[in-house]
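Results of the structural survey
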Amino acid sequence: MKTRTTVNKRFRRPLLLLLGGMLAMAPFWSQAQQVPVFSPEDKQAIENYSLNEDNFKRLVGATKEAHDLHINPEQPKDFSNVHSLDDLANLPVAQDKRVAPLLQKYGFTPREFLLANFALMNAGMAVQAKSHPEAAQYMDKSRINPANVSFYEAHEEQIGALQQELNGAQ
């Protein structure tokens, strides 16, 4: 259990900061039994989403602005009404009327924003698992896109700086 706690602590805070708390995705990994089982199409969308300079720049912009605006919808306690990525993506939109316009400003639909976050988070976890093989057991390897892992590694310094910036602002 100590390994799992270490892994969760290692990923949870930086990823929550990176995502600006908007979707609070990191706890989903540590509470996977509560997360809905996605359809094969949704799983494929997660696996196939490709990080690139454009969507990463928009993701960083939206994350920083959400943080500055104190947009922080609560993590759902009940996932019984979540049956798809779209359902999950629309939860923060329903909680805070500022979310949809913010995502639109950065050219995201709620679904694409969620996919970008999943892609970045999965890639980050895969990178961390290279240094900590015990972490690999907590990842769904079918959702890891090798191109996204390479993208993450190429932007690791920038991601770390953003994490520090958001951490320092709290």
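Everything numeric here is computed off the predicted structure, so don't read it as measured data.

Some words on the environment of Asn 122
Inspection of the secondary structure assignment puts Asn 122 in helix H7 (residues 110-131). Residues Asn 122 and Asp 140, spaced 18 residues apart in sequence, show a C-alpha to C-alpha distance of 8.5 Å.

Observations concerning helix H8 (residues 146-154)
Those residues of H8 not exposed but buried are Asn 148, Val 149, Phe 151 and Tyr 152. One side of H8 holds all its buried residues, which, seen down the axis, span an arc of 160°. Along H8, the residues that are exposed and aim more than 90 degrees away from the buried face are Pro 146 and Ala 154. At its buried positions, H8 is contacted by helix H4 (53-68), H7 and helix H9 (156-168). For H8, the capping residue at the N-terminal end is Asn 145, with a side-chain oxygen 2.9 Å from the backbone nitrogen of Ala 147.

A look at H7
Given a rise of 1.5 Å per residue, 22 residues ought to cover 32 Å, and the 32 Å separating the end C-alpha atoms of H7 matches this to within 8%. Buried residues dominate H7, accounting for 17 of its 22 residues.

A word on the nonpolar core
Buried together is how nonpolar side chains tend to be arranged in soluble globular proteins. Among the nonpolar cores identified, the biggest contains 43 residues, and Tyr 49, Leu 85, Leu 88, Phe 108, Phe 118 and Leu 120 are the most heavily contacted of them. Of all elements in the fold, only H4, helix H5 (85-95), helix H6 (99-105), H7, H8 and H9 reach the threshold of two or more residues within this core. Take this core: its biggest share by element is 13 residues, from H7. The contact partners of Tyr 49, leaving out residues within four places of it in the chain, are Asn 55, Phe 108, Glu 112, Leu 115, Ala 116, Ala 119, Asn 145 and Asn 148.

Description of the environment of Asp 42
Its location among the elements puts Asp 42 in helix H3 (residues 40-48). Residues Asp 42 and Asp 86, 44 residues apart in the sequence, show an inter-C-alpha distance of 8.9 Å. Leaving out residues up to four positions away in the same chain, Asp 42 has contacts with Ser 84, Leu 85 and Arg 111. A polar contact of 3.0 Å, which involves the side chain of Asp 42, links it to the backbone nitrogen of Leu 85.

The rules behind these values
- Residues numbered from 1 in each chain as written.
- Predicted model: local features only at pLDDT ≥ 70, side-chain atom pairs only at ≥ 80, totals over all residues.
- Heavy atoms only, no water.
- Helix = DSSP H or I, 4+ residues; strand = E, 2+ residues; numbered from the N terminus.
- Buried < 20%, exposed > 50% of the residue type's maximum accessible area, 1.4 Å probe, protein only.
- Arc of directions from axis to C-beta.
- Contact = heavy atoms within 4.5 Å.
- Polar contact = N/O pair within 3.5 Å; in protein donor to acceptor, adjacent residues only side chain to side chain.
- Expected span 1.5 Å × (residues − 1).
- Core = buried A, V, L, I, M, F, W, Y, C linked by side-chain atoms within 4.5 Å.

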